[in-house]
Amino acid sequence: MEDNRKQLYTLLVYSENVAGILNQVTAVFTRRQVNIESLNVSASSIPGLHKYTITAWSDEDQIIKIARQIEKKIDVVKANYFTDDQLFIRESGLYKLATPMVLENPEISRTIRRFDAHIIEVNPTYTIVMKHGVTEDIISLFRALDSFGCVLQYTRSGRIAVTRGMQEQVSEFLEQRENER
């Protein structure tokens with residue numbers, strides 16, 4: 001019997017740097033009615049290729065189909081899906097806090113230190129705190145700070161991830177493709 005429970009998957013997609021490819025990639029999720037939880041796009045370690053890190057809740061059958069459909073796009077070089085245990089994952093969180101409240105309540109500073117976050121700017125109006133880590137820790141710090149009523153703004157980045165292997169899987173794919181020529 002197959003296990004069809006949804007879990008969070010991370011897709012690592014490598015493509016040529018071509019206008020419109022992001023729209024084509026996200027359209028695959030839209031057509032399958034799968035919501036993208038986070039999306040980060042940047043240049044990869046391989047010259048000329050961009051890396052898309054996409055997270056979505058899905059079952060394995062559906063995520064396999066999504067990865068295959070994305071890989072069929074003409075400017076996509078490779079698309080792989082992973083579970084969290086197969087990746088090294090990080091996000092960043094930014095918290096804008098009311099400086100007067102931070103100064104009045106020493107427990108706020110203790111909380112920031114306890115979560116291993118960093119104060120990166122302080123002025124009379126607001127204090128900016130930054131935290132790097134896994135999603136759960138970033139959200140937990142937000143909840144802890146929010147309980148003091150001092151949060152003016154909060155945001156977190158999309159996930160960034162690297163595989164736990166020695167090189168990116170797309171490197172192996174590109175080497176294989178080059179050897180076939």
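These numbers were taken from a predicted model, which means no experiment stands behind them.

## Observations concerning helix α1 (residues 21-31)
Link 1 in the chain: Here α1 has its buried residues at Ile21, Val25, Val28 and Phe29. The buried side chains of α1 occupy one side of the element, clustering within an arc of 95 degrees when seen end-on. Of the exposed residues in α1, those oriented more than 90 degrees away from the buried face are Asn23, Thr30 and Arg31.
Link 2 in the chain: The inward-facing, buried residues of α1 contact β1 (7-16), β2 (36-43), β3 (49-58), α2 (60-71) and β4 (76-82).
Link 3 in the chain: At the C-terminal side of α1, glutamine 33 shows a positive phi close to 55 degrees.

## Things to note about the layout of surface pockets
Link 1 in the chain: Size it by volume and the largest pocket reaches roughly 180 Å³.
Link 2 in the chain: Here the residues of the lining of the largest pocket are counted per class, giving 2 nonpolar, 3 polar and 6 charged.

## Section: the packing of aromatic side chains
Link 1 in the chain: What the rule picks out here adds up to 3 aromatic pairs.
Link 2 in the chain: Taking 5.8 Å as the distance between ring centres and 75 degrees as the angle between the ring planes, the aromatic pair formed by tyrosine 9 and tyrosine 81 counts as edge-to-face. Within this pair, whereas tyrosine 9 is found in strand β1, its partner tyrosine 81 is found in strand β4, the two being separated by 72 residues in sequence.
Link 3 in the chain: For tyrosine 9, a relative accessible area of 4% gives the class buried.

## Let's talk about the environment of alanine 79
Link 1 in the chain: Mapped onto the elements of the fold, alanine 79 is located in strand β4.
Link 2 in the chain: As a C-alpha pair, alanine 79 and tyrosine 52 span 27 residues in sequence and 9.1 Å in three-dimensional space.
Link 3 in the chain: For alanine 79, the residues in contact, after removing those within four places along its chain, are Leu12, Val13, Ala67, Ile70 and Glu71.

## A look at the side chain of lysine 73
Link 1 in the chain: Looking at the secondary structure, you find lysine 73 in the loop between α2 and β4.
Link 2 in the chain: At 10 Å, aspartate 75 is the nearest oppositely charged side chain to lysine 73, a buried residue that forms no salt bridge.
Link 3 in the chain: Those residues in contact with lysine 73, other than ones at most four positions away along the chain, are Ile21, Gln24, Val28 and Arg31.

## A look at the sheet that holds β3
Link 1 in the chain: Taking strand neighbours across the sheet as the criterion, the 4 strands line up as β2-β3-β1-β4 in an open arrangement whose pairing is antiparallel. Strand pairing shows two members of the sheet lacking a second neighbour, β2 and β4, which therefore form its edges. For this sheet, the mean inter-axis angle between neighbouring strands, taken without regard to orientation, is 15 degrees.
Link 2 in the chain: Across 7 bridges, the pairing between β2 and β3 is antiparallel. Of the residues in β3, the one forming a bridge with valine 41 is tyrosine 52.
Link 3 in the chain: Its contacts with the sheet place α2 against β1, β3 and β4, and it is angled at close to 170 degrees to β4.

Rules behind the numbers
Residues numbered from 1 in each chain as written. Predicted model: local features only at pLDDT ≥ 70, side-chain atom pairs only at ≥ 80, totals over all residues. Heavy atoms only, no water. Buried < 20%, exposed > 50% of the residue type's maximum accessible area, 1.4 Å probe, protein only. Helix = DSSP H or I, 4+ residues; strand = E, 2+ residues; numbered from the N terminus. Arc of directions from axis to C-beta. Contact = heavy atoms within 4.5 Å. 1 Å grid on protein atoms, 1.4 Å probe; cavity = no way out; pocket = protein on both sides within 12 Å on 5 of 7 lines; lining within 4 Å. Points joined across faces, edges and corners; volume = space filled by probe spheres on them. Nonpolar A, V, L, I, M, F, W, Y, C, P; charged D, E, K, R; others polar. Phe/Tyr/Trp six-rings, centres within 6.5 Å; stacked < 30°, edge-to-face > 60°. Lys, Arg positive; Asp, Glu negative; His and termini not counted. Salt bridge = Lys/Arg side-chain N within 4 Å of Asp/Glu carboxyl O. Pairing = 2+ DSSP bridges. Axes fitted to C-alpha atoms, helices over the stretch in contact; angles between N-to-C directions.

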